[in-house]
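A structural walkthrough
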Amino acid sequence: MAMNHVRSIRSITISKEAIAVVCRRTYSSGKAKKGSKGSATSDAPKASLLSKEVKSTTVVGANILKDGADPQILPDSEYPDWLWHLIDKRTALSELRRKNIENLPYEDLKRFVKLDNRARIKENNSIKAKN
């Protein structure tokens, strides 16, 4: 019976030593390794594998299917009209507040109400957070 306890204690100490060896923290030697982040060769721009012709006719990286190909860029007339209005700048709340509300177009009025409500909610939440 005493022999069994010795074997179990021995296996516990061996496993603790193994864990200590595996989990031991190592320190850097302070020397820079070859190909590290600070090397001058990695700062150079990498050459593109695609030709300029392919880049100008396809949307590179837009394919989400395994067996699919990147979609072709179509002429502007093939896209819907609403798409070109997405890049238009929209007026900020401060500019909308300066204008007369009664003369605003419907879209600007709708945007003003939305932005004003959002600003009021943020102000109320910050007041509640302070108290």
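In this report, the structure presented in the accompanying data block is examined. (Residues numbered from 1 in each chain as written. Predicted model: local features only at pLDDT ≥ 70, side-chain atom pairs only at ≥ 80, totals over all residues. Heavy atoms only, no water.)

Looking now at a positive patch on the surface. A cluster of basic residues, Arg-90, Lys-110, Lys-114, Arg-118 and Lys-122, forms a positive patch at the surface. Along the polypeptide, Lys-114 turns up in helix α5 (residues 106-130). (Patch = residues over 30% accessible without salt bridge, like charges linked within 9 Å, V, L, I, M, F, W, Y side chains within 5 Å. Areas by Shrake-Rupley, 256 points an atom, 1.4 Å probe, with all protein chains shown as cover. Salt bridge = Lys/Arg side-chain N within 4 Å of Asp/Glu carboxyl O. Lys, Arg positive; Asp, Glu negative; His and termini not counted. Charge placed at Lys NZ, Arg CZ, Asp CG, Glu CD. Helix = DSSP H or I, 4+ residues; strand = E, 2+ residues; numbered from the N terminus.)

Moving on, we get to the packing of aromatic side chains. Applying the stated criterion across every chain, the model contains one aromatic pair. Ring plane angle 90° and centroid distance 6.1 Å describe the contact between Tyr-79 and Trp-84, whose orientation is recorded as edge-to-face. For Tyr-79, a relative accessible area of 27% translates into the label partly exposed. (Phe/Tyr/Trp six-rings, centres within 6.5 Å; stacked < 30°, edge-to-face > 60°. Buried < 20%, exposed > 50% of the residue type's maximum accessible area, 1.4 Å probe, protein only.)

Another point: the nonpolar core. Residues Leu-93, Leu-96, Leu-104, Phe-112 and Leu-115 constitute the largest nonpolar core, which totals five residues. Of all elements in the fold, only α4 (93-98) and α5 reach the threshold of two or more residues within this core. Contact partners of Phe-112, with chain neighbours within four places excluded, come to Leu-93, Leu-96, Arg-97 and Ile-101. (Core = buried A, V, L, I, M, F, W, Y, C linked by side-chain atoms within 4.5 Å. Contact = heavy atoms within 4.5 Å.)

Moving on, we get to the pattern of salt bridges. The tally for this structure, following the rule as stated, stands at two salt bridges. Put simply, Arg-97 and Asp-116 hold a salt bridge, and the shortest N to O gap is 2.9 Å. Taken together, the positions of Arg-97 in helix α4 and Asp-116 in helix α5 put the pair 19 residues apart, joining distant regions of the chain. A salt bridge links Asp-116 to Arg-120; the shortest N-O distance between them is 3.2 Å. Here Asp-116 pairs with Arg-120, and both are found in helix α5, just four residues apart, close to one helical turn. By relative accessible area, which is 19% here, Asp-116 ends up buried. Each of Arg-97, Asp-116 and Arg-120 takes part in a single network of salt bridges with overlapping partners.

Turning our eyes to something else, we now look at a nonpolar patch on the surface. On the surface, Trp-82, Leu-86 and Ile-87 cluster together to form a nonpolar patch covering roughly 410 Å² of accessible area. Looking at the secondary structure, you find Leu-86 in the loop between α3 (81-84) and α4. Overall, Leu-86 belongs to the exposed group, its relative accessible area being 60%.

As a further point, take the environment of Thr-58. Relative to the assigned elements, Thr-58 resides in the loop between α2 (52-57) and α3. Its relative accessible area of 11% is what places Thr-58 among the buried residues. Along the sequence, Thr-58 and Ala-69 sit 11 residues apart, while their C-alpha atoms lie 9.4 Å from each other. The contact partners of Thr-58, leaving out residues within four places of it in the chain, are Asp-70, Pro-71, Gln-72 and Ile-73.

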